[in-house]
Amino acid sequence: MNKITNIYFIIYLLIFLIKIANSQTVQVFDVSDQSIDTHNKYPIVSTQNYCIFEIYILSVFEIELDGESFSISTNYTPPPFQTTTISSTLILSNSTSQLHLLKFLNFYDGQYAIDVQSQIYGFSGSTIVNLNCELYDENSLEFEFTSNNRKEILMFSFNGILTIKGLKYSAGGTLDITPGALIPSFYDSSKRISTFTFGIFKLQQPDNSDLLNTNYTIKFYNFSKNITITPLYYNYSNNQNNLCLVYPQSKNFTKNSYFGSAIYTVLTNYTDNYPLLSGKFSTKYIFDKPNPAYQTENGIVYIQEFFGLGNISFQFYTQYGSSVVLLNDSTFQINEIPSITKLPSVADNIIYDNPDIGNHNYSKSMVTFYFNSISKFDDIKMIYSHRWSSETLRFPFGFESGNNFKYFYGSSFLQELASPNHLTDSTIDIVLKYYMGQSSRLSSYLLVDQNNDTIPEIDLTLVEFKHLYHSIYLVRIMFNENINCGVIGLDSESYNMVEFLDDEGNNNSGDGGGPIYEINHKTDGGINDVVVYDYFGNRIYGNSLTQSFYSINPPLYYDQSIFRPYILGIQNVSFLFNNIDTSNRSVDNIMYLNFTDPNASIRVFFLYHYNNDQSFDFMDYAVWNSTIKMFQMEFTIPANYKSGQLSYTLSMGVCSISSYFLPDSYQLNVTSSKFDLYGPIFKTIIKSSSNYPNSVKWLLEIEEQVNGFDRGEIIVRGEMDGSIYKFQLTTLSKINGNQLLGQYEIVVNISNVFCVSQNYVITDVRLYDSQGFFSDFNLTGEFIQSKNPFINYLDDPLINIISLECGTYIDDSPPILLSFKSWKNISKEDDSQTLSFEFQVSDPESGIKDGQLPIVYSTTSLLKTIYNQSEIKSIDGDIITYRCMIRVPFGFSYLSDVVFSVYGLINNGGYYSGYSAKRLLEEVTKTDYKMTGFILSKKPIITDTTKITSSGGGLLINGKNFKSGDIVEITYSSNSSIGKKSSTPKYIYFSSIFIDDIIATRQPFKIKIIQLNGNNSNEYIVYPKVFNFNYNDQLPTIQPTVEPTIQPTAEPTIQPTTQPTIRPIPCSGNPECGGINNGYCKQNYGCICYSPWIGIDCTSKVIIVPQPQPNTTNPSTTIIIDDDDDNNNNNNNSEDIIFQSLLSLVSLREVDFNSKPVNTFNFERWIYSRIDNFTNKYETTITVPPTGSNENSTTTTITATLQWFKEKSSIQFANQNLTMNPSSIKYTIELNQYKFLNKLNGLQLVMSASLSSSETNDICSDKQFGETTDEYDDISNYLKIQVGDHSLYGRFIKRAIVDTFPKTISNELLDSSMNPISSASSSQSYIGIIIPNYGNSIIIDPDFSVLIDSKSASSSSKNSICTTNNNSKLTKAQLAGIIVGSVCFASIVIISITYLLIKKSKQKIFLKKMNLKLKNVN
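I will try to describe carefully the structure that is included in this document. Everything quoted here is computed from the prediction, not taken from an experiment.

1. A closer look at the state of the cysteines
- For the coordinates displayed, the defined rule picks out six disulfides.
- The disulfide partner of Cys 1073 is Cys 1087, and the S-S distance across this bridge is 2.1 Å. Measuring the twist about the S-S bond at about -85 degrees, one finds the Cys 1073-Cys 1087 disulfide to be left-handed. With Cys 1073 in the loop between strand E81 (1020-1022) and strand E82 (1079-1082) and Cys 1087 in strand E83 (residues 1086-1089), the pair connects residues that are 14 residues apart, well separated along the chain.
- For Cys 1073, a relative accessible area of 0% corresponds to the buried category.
- A sulfur-sulfur distance of 2.0 Å marks the disulfide that ties Cys 1260 to Cys 1362. Where Cys 1260 bonds to Cys 1362 through sulfur, the torsion about that S-S bond is close to 115 degrees, and the disulfide is right-handed. Of the two residues, Cys 1260 is situated in strand E96 (residues 1260-1269) and Cys 1362 in strand E105 (residues 1361-1362); the sequence distance between them amounts to 102 residues.
- Residue Cys 1260 is classed as buried on the basis of its relative accessible area, which comes to 11%.
- According to the relative accessible area criterion, Cys 1362 is partly exposed, its value standing at 32%.
- Each bonded cysteine of the protein chain gets a number by its place in the sequence, and the pairs then read 1-2, 3-4, 5-7, 6-8, 9-10, 11-12.

2. A few points about the nonpolar core
- Counting 68 residues, the largest nonpolar core has Met 591 and Leu 650 as its most contacted members.
- Not counting the four nearest positions on each side in its chain, Met 591 is found in contact with Val 573, Ser 574, Phe 575, Val 604, Phe 606, Phe 631, Gln 632, Met 633, Phe 635, Tyr 648 and Leu 650.
- With 49 residues, the next largest nonpolar core counts Tyr 1178, Trp 1204, Ile 1225 and Tyr 1234 among its residues.

3. Thoughts on unusual backbone geometry
- For the peptide bond that leads from Phe 395 to Pro 396, omega is 20 degrees, which places it in the cis range.
- Mapped onto the elements of the fold, Pro 396 is located in the loop between strand E27 (389-392) and strand E28 (399-403).
- The omega torsion of the bond from Tyr 692 to Pro 693 falls at 5 degrees, within 30 degrees of zero and hence cis.
- In this structure, Pro 693 sits in the loop between strand E56 (681-690) and strand E57 (694-703).
- Despite not being glycine, Ser 1223 shows a phi value in the positive range, around 60 degrees.
- By the secondary structure assignment, Ser 1223 is in the loop between strand E93 (1216-1220) and strand E94 (1224-1231).
- For Ser 1223, a relative accessible area of 3% translates into the label buried.

4. Brief notes about the pairing of strand E59 (residues 724-730)
- Among the seven residues that make up E59, five are buried, leaving the element largely enclosed by the rest of the structure.
- Between strand E58 (residues 709-718) and E59, which follow one another and run antiparallel, lie five residues, and Gly 722 among them has a positive phi close to 70 degrees.

5. What about the sheet that holds strand E16 (residues 243-247)?
- If you trace the four strands from one edge of the open sheet to the other, you get E16-E18-E21-E20, paired in antiparallel fashion. Both outer strands of the open sheet, E16 and strand E20 (291-296), are each paired with one neighbouring strand and no more. If you compare each strand with its neighbour and ignore which way they point, the axes differ by 25 degrees on average.
- Pairing analysis gives six bridges linking strand E18 (residues 263-268) to strand E21 (residues 299-305), with the strands arranged antiparallel. Within E21, the residue paired with Thr 268 across the bridge is Ile 300.

6. Some points on a negative patch on the surface
- A grouping of Asp 812, Glu 845, Asp 876 and Asp 878 is seen on the molecular surface, where their side chains present a negatively charged patch.
- Tracing the chain through its elements places Glu 845 in the loop between strand E66 (833-842) and strand E67 (855-859).
- Owing to a relative accessible area of 35%, Glu 845 belongs among the partly exposed residues under this scheme.

7. Concerning the pattern of salt bridges
- Considering all chains together, one arrives at 27 salt bridges under this definition.
- As a salt-bridge pair, Glu 871 and Arg 883 come within 2.9 Å of each other at their nearest N and O atoms. One end of the pair, Glu 871, is in strand E69 (residues 871-876); the other, Arg 883, is in strand E70 (residues 879-888), and 12 residues separate them in sequence.
- Its relative accessible area of 30% is what places Glu 871 among the partly exposed residues.
- A salt bridge links Lys 981 to Asp 997, with the shortest nitrogen-to-oxygen separation between them at 3.5 Å. Taken together, the residues span a long stretch of sequence, with Lys 981 in strand E77 (residues 980-983) and Asp 997 in strand E79 (residues 992-998) at a distance of 16 residues.
- For Lys 981, a relative accessible area of 22% gives the class partly exposed.
- Taken together, the shared-partner salt bridges connect Asp 379, Arg 394, Arg 717 and Asp 764 into one network.

Parameters at a glance
Residues numbered from 1 in each chain as written. Predicted model: local features only at pLDDT ≥ 70, side-chain atom pairs only at ≥ 80, totals over all residues. Heavy atoms only, no water. Disulfide = S-S within 2.5 Å. Helix = DSSP H or I, 4+ residues; strand = E, 2+ residues; numbered from the N terminus. Buried < 20%, exposed > 50% of the residue type's maximum accessible area, 1.4 Å probe, protein only. Core = buried A, V, L, I, M, F, W, Y, C linked by side-chain atoms within 4.5 Å. Contact = heavy atoms within 4.5 Å. Pairing = 2+ DSSP bridges. Axes fitted to C-alpha atoms, helices over the stretch in contact; angles between N-to-C directions. Patch = residues over 30% accessible without salt bridge, like charges linked within 9 Å, V, L, I, M, F, W, Y side chains within 5 Å. Areas by Shrake-Rupley, 256 points an atom, 1.4 Å probe, with all protein chains shown as cover. Salt bridge = Lys/Arg side-chain N within 4 Å of Asp/Glu carboxyl O. Lys, Arg positive; Asp, Glu negative; His and termini not counted. Charge placed at Lys NZ, Arg CZ, Asp CG, Glu CD.

As structure tokens, this is what we get:
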């Protein structure tokens, strides 16, 4: 039986082998790009006569290869004495196929038919590869040279571009030119045109030869071509008497910041637009070109910074006539800043924990790093990097205890798991990078080996690579099987795979493939490399896509030619206004251009401001206008721009062309009587400090003599305790002067009870002028020194430092975290997740420092961290309760646990503390230091959109979970005739939707995704960029007359004794400020009250009242105070008194510059909606009449949000810290765009406030309006309406958010013109909130509280109204006493019932009257 079996097996085997021998062959394919330029070449160098070819050969066999490789050979034998070679390299392989790259090197001119053979297991196959090497033909080629006609010299500038026409194939190599070489830049495959960028760079000093034409020879194998190149500079210049100065003038300079330096300026009277100006430093190998900054009556000032440290030699060259001359030859000593932060090279200690914090196997361990300080810490940027992840986390993250001179660092991270098949080391570093590339290797910890999976064999298929919009491309990648979600790396960008998994019906390729990952990738140069790591760090795929295949079955080649278009195909560049005058006005304009592909991504760069790195100040994309069949881009030219042609660059993919090389008809011509690209500077600075009250102050004189100062931000930090103080400056917050030269005050107030001696340092400054140009300073970060606002004080390294001396007190007992709670909220509407925290902090020794709010951090195992600043919920003695909320981004913590940490607890004694996750676990909570179980929402989410202008058009919507059939619901503003509209997308992908039918609108609009299954997305607001194309040749009539200067002044013009020119607020009360327990007096700022006292004399006290019922008709609030419920009642009258306050919005008035109303809008119908238990929203609209005969009416929306504060809270509005008293109500009022009659007009929002009492006899009413100061030294207006011993107190802060920026506003009492109704028992006032002329929106934020006063209103006040008691009548209490004394007990019962009925009836009548008054007001 066994013999028969063996015989049959042998027979079958023979038959099988015969079939193989008769039918099996190797299939061989030339799968190279079949375009003409692949198999046809010019020599790689123009003087050579041989070519190089790269051909891809695919070999396929039907039997599995079992690890064997095909052998590739050819029948080609090179002629004698030639260096021709053929090499083969394996690129990709699978079980039955292999892809090889064949390089044919040094094939001499001629045609070749080469038989390429592939063999394996004795079987073979072949294919013919045809190659053609052809020399350049002199008779068919045309040469054109376009010079740089602008003479505008940047750090690297090109003389011109050389175009060769008449080519058969791409000139893909280099042209041999004497001297130098030309590298190809652009190629038009259809027209057979190659373009070469021609640059001549000289590293040595310029000389006279740079002013002359130069002859060059382009060499080919059998001919040559001579061309003449014009110089980058003018042959002759009428310039003379240039002035080159170095600041500071001292030749021994010490930096005042990590990246600070000296600068030099050049004043030139050139009439030429772009002169020869060239500086050379011994510390830099090339010359620098100073940048034009501003214009004076003597010429244009150019500025550049020094480079390097130590002994530096400096030479500066310029051109006089037809000669290059040396203008400055100096030597300087530049010294480093006295102290620079250093961190230890490795962590002092690493501790591992296995707290079993998750329910999956991706992150079950925690590792904590510790080290002690080795130097003083400045606020440096700290980058934590780990494999493919990095996170920038600044102070206070990681700082557990101490102060900046001696601290202890501790931070916890989740330790990820690893596969035993890990392809890298068994250790993973977390590296902390900081100043100038220095780093601290926090860890080298062992990976936790808990995953025993083997590494799968992964194949990648690029399912789709499609241009979506602008520079955004859709990348859809599929793998042949499921993998543990990790990271996909596309070049330098990494993407968490969980966030981009398309599993909603689009995840199958139809051939049994794995999941599809869809990424919106922004790139201008394509994708060069793809790398994939699973969650355990295994590098499971990696390949270069550049000129290579990425898939073998089927063979797929990634074509990057779309990123190398022929940029010179852009034609007919023009502008809506080709010639403009920017003197004291900015101009909105439109660029038009033609290109053959309407789907092209064309970027336009405008060089408005010259920076050291020659970066562009403005970039946007041209969009296709289907009506005019052209691309267009809307943009703004800033006011007072330099006369000449505006520089721009057109870019497509990796190709770009400068306007320097384009015809004159393509240019935008600018004229201006003034020129200013320089930001505001500090002209003078006066520093001071004081004790009792403890404070430090900078008096800053800000100068911007052409464009005018607009806004700025200054950050001050405590050098020892790391405390931070942010100041927002606007033109309305100045204390003296104007936009061109104004005084501003920066004051930091410190506790008078506990104070530590330390320096307070200005660490960050950014000042903007009205055109958006800025000056910049950063103590530890990089900035452009030539734009330093301290430019007048470069010789004073201490100008930004003030020392406050408070004695030797230090509280080295850091704040303590008493409790910490965390929980997660999931929205039922859109599945969004929010982390909520509440924790208590105490420092019984010196207390927590005012204004310093701790930060809560949430970190995943990939170092990804989200965080937010906390806010104060309540204060009870030395215990402060904080709360914090953090919105969780989509996919942030899916498949990863998170750990929490809290840092930034600062006391008044110079010490801080923080709590890593490990410290939270050990000292505070066993559970709430971590969290797991995060969901991945399946509902559609809109995350962002591309930009859009007021002209409308296309909009790319980015997000997640989009599906086929989705509709975009667009809600336009109420002044639009369209209202709500549904848009059908042009295309839909999992992560992007594109619509092209946005109407022209100047108002923000809302979008929402509507799905067939009822899962609608979040509502997203889109803010269009508004342009006004109304340029005319008539210049503005108002022009600044003072010329700019940044010359350092020898002495400050402001004497140190000068006081701020603010209106001082006197301290009131007897005793002053209510006595030592109620508050204290601060010079010029009035009384500073201790909570809960309030008022100008700190004698009123906030009382707790029930939350009022919301009015569903209009945003009015009725607050009822019953004496029975008033715990602070000082009224000895046995009869209860009812107080009622009314707050309402009355009208909106447009007023002229004399405050005279020109339009009045009464509020009629409001739409009410409830946000939560404490917040209600009201919305109404007004119709604004047209400003001209050819215009239509417009609509403005007013939104009022009323929020009730049950407890004392700290909030921030317009960058101003505010304390909300308990039982107070805040009105947040927002107006969208309003069409003013003219630019000088403003608005006035009228509010009414009243307080009434049910008691009408022997009572007085009073009212006050003035200025008051809070604990943050912010001055506000206040309105106090008093009846008896109760008051309604309104605070009207002098700030608003105007067009997204904080700006100062004003408030005024309108009683003299509005005729309020007042009596002894009732008082009413009208307040006008003055709103400046604005563009898109404004938000204001008054609030109100109810007070009990130490003293009742009396006739002694000039504003009081009083009544006296009628002695002929008895009070009800007196009457009750008589009756009690004369009748029986039964009578008492009857009288008591009667009294209650009278009181109830009286209360109803009182409330009815007040409601009638409210209706009359509204």
